Amino acid sequence: MNGQWYDDEAGPLVRPYAMTGGRTKPGPHGVRFDLIALVAVEPQSGADEAAESLLGPEHRALLGLCRSETQSVAELAADADLPVGVVRVLLGDLLEGGHVKVSRPVPPAQLPDERILREVIEGLRAL
């Protein structure tokens, strides 16, 4: 071996348990975030910016991703390049701190029937 290291370009490695403080479950309430759960930033006052500055870099990265648009847990994990389990724990922290709100998408059974939508479109075209 020529003594050359190839890891320098990989950057710093932070283990997932270090990002979550060894926790594997989100929040004290045992909240479970589905992959399709939608996460949005809660509207905040200027006083909460100080509290946000105390968050870790991964927390702030997730908030930054949610600021531009509401995203699913799966999208956040992909965009932040973090394991889904880590994102769930971090989102639990953000939810508990009042930084984000989480909602579930409308189940397909509650969406309007395609036939009804087509009739509405045809009715609008007839106007």
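Our structure is the block above this text.
Caption draft 1: Expanded view of the nonpolar core. Counting 18 residues, the largest nonpolar core has Val 39, Leu 62, Val 73, Leu 76, Val 87, Leu 91 and Leu 94 as its most contacted members. Considering each element in turn, this core owes the most residues, five residues, to helix H5 (residues 84-96). Excluding its chain neighbours within four sequence positions, the residues that come into contact with Leu 76 are Val 39, Leu 62, Leu 65, Cys 66, Gln 71, Val 87 and Leu 91.

Caption draft 2: Molecular detail of the sheet that holds strand S1 (residues 38-41). Ordered by their spatial adjacency, three strands build an open sheet running S2-S1-S3, and the pairing between neighbours is antiparallel. Edge positions in the sheet fall to strand S2 (71-72) and strand S3 (100-103), since each has one partner strand and no second. Here two bridges tie S1 to S2, and the two strands are oriented antiparallel to one another. Each residue of the ladder has a partner; that of Leu 38, found in S2, is Ser 72. The strands touched by helix H3 (residues 57-68) within the sheet are S1, S2 and S3, with S1 carrying the most contacts at an inclination of about 90°.

Basis of the calculations
Residues numbered from 1 in each chain as written. Predicted model: local features only at pLDDT ≥ 70, side-chain atom pairs only at ≥ 80, totals over all residues. Heavy atoms only, no water. Core = buried A, V, L, I, M, F, W, Y, C linked by side-chain atoms within 4.5 Å. Buried < 20%, exposed > 50% of the residue type's maximum accessible area, 1.4 Å probe, protein only. Helix = DSSP H or I, 4+ residues; strand = E, 2+ residues; numbered from the N terminus. Contact = heavy atoms within 4.5 Å. Pairing = 2+ DSSP bridges. Axes fitted to C-alpha atoms, helices over the stretch in contact; angles between N-to-C directions.

Distances and angles like these do not, on their own, reveal function.
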